[in-house]
Each structure stands twice: as C-alpha cells, then as structure tokens.
Amino acid sequence: VSVGTDRFGTIAELGRAFRDGRLSPVELTASFLAEIERVDTSLHAFIEVLATSALEDARRAAHELQNGLDRGPLHGIPFAIKDLIDVRGVRTTAGSRLLRESPVAVRDATVVSHLRSAGAVLLGKTNLHEFAFGPLSTNPNFGDVANPWDLRCHSGGSSGGSAAAVAAGLCVFSIGTDTTGSIRIPAALCGVVGVKPTFGCVSRDAVIPLSWSLDHVGPITRTVADAALVLRVITNVATASSPSCNVGWPDYAQSTSGDVAGLRIAVLRGLADPVDPEVAAAFDIAISTFVELGMEIEVVSLPSAQHSAGIASAVLFPEALAYHQRNLRERQHEFAADVRDRLAQASLVSGVDYVNGQRARRVLMAEVEDILSRVSAIVCPTEPIVAPRIDEEMVVVGAQSLPKASIVTRCTRLFNLTGHPAITVPCGYSRAGMPIALQLAGAHYGESVLLRVAHAYQSATQWHTRHPDVLPMRRIPTM
Amino acid sequence: MKSDRTDVYRAQLIDDVNTPRDGSKSSADAASSFRRSIEALKYLDLEGVEPIVTFQPPLSIR
C-alpha cells in the first residue's frame, strides 16, 4: 500500500497500513479529495464534497489510533453517502431542485452515526437519480452520473454516484439505497460489489423515502470482504424510529471464510431474458466456476416473476406519489421531467391495484421461499445488458429494441418485492471493456451465506482487481 | 370544492400520461407499458392471499 495506489486498497489492507504506520488516514483522505477534484467534473459522482470536515475527521481518527483507541476495521476509512440520507449540518438535496435551498439536516441518519462511531471518515454526498426515482442517474440538476469505464455510458442508478465513486477510486466504500435495484444496478454496471440486505436490516431512519415497503439501505464496495465489514457495522443496532431488525447479528467478516463445497445453488433461468450474448457467456463461465468450487447447481424458473414489473409499479408508484403529492401539486415544474412523468403515471394506479400488488408480493415470496427451501442461494445475471449509452434511448438485445430504463430493473426488483437479501458481484467484461455482473439472493437474514458464496467466487476470479482510468474532462479554453 | 380541484388535477396528470410533453415515442411506450404491466396483475391467482402490509399492534401483554 502506498499513497497513489492505496485508493484501490481493501479495507483490511488500508487498516494494516494505518496500524503499521505506513499510511495515515489523513494522507489517504487527502489522496481521495485530490482525485475527486481531478476527475469528478467528468463523472458527476458527488453533489457535495465535505473536504474540511473529512480532513478533521481523518486527523481525529489518526490521533485516536496513535493513542491506542482503535474503533475497529473501518477506523480512518473514507466513505461517501448517497445524498438521500441525512448528515448533520449538510443539506440533503435528493438530487432535486426542490430541495436545493432546504435547511441543513439537524442530525445524522442512524446509518451515518453507526459509521462515524466506527471511525469511518465521510468524504461527501453522492449524486443520484432525482429522489431515487429512476434507474440511470440522469440528473438535470447536478449532471448525469457517467460510468467510470466509459464516460459516454450510464453509471446506472439510482445510487449512481455512490457506485461510480467506488469504481473510480474516489472513496473506499459508499452507502446507497435500493427500491427496485438502485444499489445493485449501478454496482453491476460500474464493476463493483453492492449488497441489498434483508428488508429492514439497515435502518432507514432519516433517509428520504421512495417507497416505504420496498426501500433498503446497503453498502457498495470493491470487494465482498469489504462489504462484509461495512455490513457488520451498519446492521448492528435496532432503532425505535425505524423498524430495523432486532436479531443477533453474525460477524459477516467471519462468515466469508467458510467453505462453499457442497452448497446447492439454483440458477434462475428466464428472469433476465432477453440477455445480451456477452452477458450470457460471462454468466455461464461464472457458473462453471461455481461448479469448480464444489457447489451443486440446479436450474429453476419462477413463473410469477414475469409479473414483477407490474407488481413493483402497483406498490412503488402510489407510495412515491403519496410522499410527493404536495410538491407535485404546487411545484410540479421543479421536478426532473422523467420523475414528474412517473409521478403522473402513479395517479393511474387504483387502491385495488395497490392492494393486489401487496397480495401478489406474498405469491412471489412463497415461490422464492420454495426454491430457497432446497438451495443455499439463487443466482442470475444482475443485468441483462452492459451499461447503456447516455445518448441512446433504446437498447438492442438480441432481436429486440427495448427502452433502457425498463431493462435494468428486470432482475433486481424481484428481491425488493420479496425482501430477500441480494448481492451483485463482477463476473466479467464485454469486448468493449464494460463490466458484467451476477446476482446472488438468499434466505431472509441469510447474508452470511451469500457473502460466503460471493467471496469464494471473487477469490477464484480476478474481475475485482481491474480499475478504470478516469480522465478529467478536457477544459475548453475561454477566448 | 377541494375535491373538484383534485379531480381536475388528477385529470390533468392522466392527460399528461396519455400525451407526454416531449411527444417522444419512448415516453408514450413507457406509459402504455406501465398500464399493461399493472393490468396484467389480474391474471395472477390471488384467491385467499392477504396483502403483505398488515396491521400489527405493538406487542404489549397486560
């Protein structure tokens, strides 16, 4: 680990360097701040960079370590947080013009306070699709988040800034939210790891809601081992103000070390179809790696999942409209056009549709539970396509031309509807160099098994060791 | 009076969905696809299935 290359170090590597005296949290934080300054005009990953407070926090972390106060693996580790989540003294914009002049938050969200207590250093707040209501992270107010692997392509969303920042080496990890895939979609398209934990396992306190019954909070990291360390910190306390779970939390970092030989894994066919041939090929190779690791594979299908788009719309849209109704009525032209159109569509959903959507979720959940009664995890591609171009509306997959926004949630929304935990892990690159990923989903509160399988796969492959080389936007000289 | 205004507002939203302001095919397709996906829920067999959100009073046995 050395300053310059350490921006891509793992949490364990950086922690060892801090404790050996080879690197200080201040040097590392300064290195990230310099890189954000250098490349974020190209990426638009950050809405607000908290340089002064980050350096103060880093100095405090360094001082504590020097004086024998060790807060654990995240001590001194720089992170970023989606600007949908409150940070004391900082405005939460949700990527919207509507909140650009809103008062600063009076306290930290619970997830932020857990990370601060663990000694993590907050670098700033990341860009997103406005109010998290869209899967691409286009944003007319703060700039479209670009994909670090090709600036002409989408990062995915809605936690696009959080994923792009991790992929580009602008922070060690970040926190996102996921309502139909908003952690896993950008993590997959940017070539990093994203975890949507079991519903309710991470507090949603002081997080602006999109859909109360579908929203999840979780980490985006470069490795599965890092995800385990972050998850351990953010799931550890139940709060009165948010229904996070009150169960005995396992040490996820320990759980990554277990053996996977003999585990049964269900390959979910059909959910992603139609699939880009390069994605299909990379996924098949990944499954052969699972077999080489000793896992037993069975192929399953989930017929009711064909309705997951309708079920998600019937539930999500009315809940989003309920939250935004007043602003939609009084300040509708301040919404981004696509978000306003989605909220308008929500007015077409009846009360009966909403209740039937919530009933249909039980059917889906029972079907997923039935599969999980026989296997340890379900696996499928995270995305049927690689990151689409920003300047193209439609994506050609096989013989079909499809709207890009409708494709990217196809494999992810199912597990928001059922509340099962899911993780996305890189599993290849296209010929054009764009990331491809697989998704593993498991039993409720079964994060440990998912992390174990994902870590075993990542340890057997090298995809996570590739990093993009982001060039700063060329500045046009003024005449 | 208030409900009249709400009806007008809702009618305007529905009109906007049917004729997206940017007039693009993709917006119209998205609106049409949205309606179809919701209508398709009627093909699911929901007989005897309760909604996932049910009221659960805080447990406090006295």
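Rules and cut-offs
- Residues numbered from 1 in each chain as written.
- Chains lettered and ligands numbered in written order.
- Predicted model: local features only at pLDDT ≥ 70, side-chain atom pairs only at ≥ 80, totals over all residues.
- Heavy atoms only, no water.
- Helix = DSSP H or I, 4+ residues; strand = E, 2+ residues; numbered from the N terminus.
- Rg over C-alpha atoms; globule rule 2.2 N^0.38 Å.
- Buried < 20%, exposed > 50% of the residue type's maximum accessible area, 1.4 Å probe, protein only.
- Contact = heavy atoms within 4.5 Å.
- Axes fitted to C-alpha atoms, helices over the stretch in contact; angles between N-to-C directions.
- Parallel < 35°, antiparallel > 145°, perpendicular 65-115°, else oblique.
- Left-handed = near helix turned anticlockwise from the far one by under 90°.
- Nonpolar A, V, L, I, M, F, W, Y, C, P; charged D, E, K, R; others polar.
- Polar contact = N/O pair within 3.5 Å; in protein donor to acceptor, adjacent residues only side chain to side chain.
- Pairing = 2+ DSSP bridges.

Attention now goes to the overall build of chain A. Scanning chain A from terminus to terminus reveals 15 helices and 15 strands. What you see for chain A is a C-alpha radius of gyration of 21 Å, in line with the 23 Å of a compact globule of 479 residues. Each principal axis of the C-alpha atoms in chain A carries an extent, and together these give about 60 × 55 × 50 Å. A burial count over chain A gives 64% of its 479 residues as buried. Across chain A, the fraction of contacts at a sequence separation of at least 24, relative to all contacts at a separation of at least 6, is 75%.

All right, on to unusual backbone geometry then. All names here are of chain A. Residue Ser 158 follows Gly 157 across a cis peptide bond; omega there is 10 degrees. Along the chain, Asp 273 connects to Pro 274 via a cis peptide bond; the corresponding omega equals -5 degrees. Located in the positive-phi region is His 44, a residue other than glycine, with phi close to 60 degrees. In this structure, His 44 sits in the loop between helix 2 (25-43) and strand 1 (46-49). For His 44, a relative accessible area of 25% translates into the label partly exposed. For Phe 131, which is not glycine, the phi torsion reads 55 degrees and is therefore positive. Locating Phe 131 in the fold gives a position in the loop between strand 3 (121-126) and strand 4 (146-147).

Examined against the element boundaries, Ile 220 of chain A turns out to sit in strand 8 (residues 216-221). Along the backbone, Ile 220 of chain A and Glu 369 of chain A are 149 residues apart, and their C-alpha atoms lie at a distance of 26 Å.

Our next topic: the packing of helix 10 (residues 308-331) of chain A against helix 11 (residues 337-346) of chain A. Residue and element names in this part refer to chain A. Their axes nearest at 9 Å, the elements helix 10 and helix 11 cross at an angle of 115 degrees. Taken together, the axes of helix 10 and helix 11 lie roughly perpendicular to each other. Relative to helix 11, the crossing made by helix 10 is left-handed. Here Phe 317, Pro 318, Ala 320, Leu 321, His 324 and Leu 328 of helix 10 lie close against helix 11, whose contacting residues are Arg 340, Arg 342, Leu 343, Gln 345 and Ala 346. A per-class count over the contact of helix 10 with helix 11 returns seven nonpolar, two polar and two charged.

Moving on, we get to the side chain of Thr 179 of chain A. Residue and element names in this part refer to chain A. Structurally, Thr 179 is set in the loop between strand 6 (173-178) and helix 6 (184-190). Judged by relative accessible area, which is 3%, Thr 179 ranks as buried. Within the local environment of Thr 179, its side chain forms a polar contact with the side chain of Asp 215, the two groups lying 2.5 Å apart. Look past the residues within four positions of Thr 179 in its chain and what remains in contact with it is Leu 210, Ser 211, Leu 214, Asp 215, Leu 316 and Asn 416.

Let us look at the sheet that holds strand 10 (residues 296-300) of chain A. Residues and elements named next belong to chain A. With mixed pairing, the eleven strands of this open sheet are ordered in space as 1-3-2-6-8-7-14-15-11-9-10. The strands lining the two open edges of the sheet, one partner per strand, are strand 1 and strand 10. Across the sheet, the mean angle separating the axes of adjacent strands is 30 degrees when strand polarity is ignored. Bridge count between strand 6 and strand 8: five bridges; the pairing is antiparallel. Along strand 8, the bridge assignment pairs Ile 175 with Pro 219.

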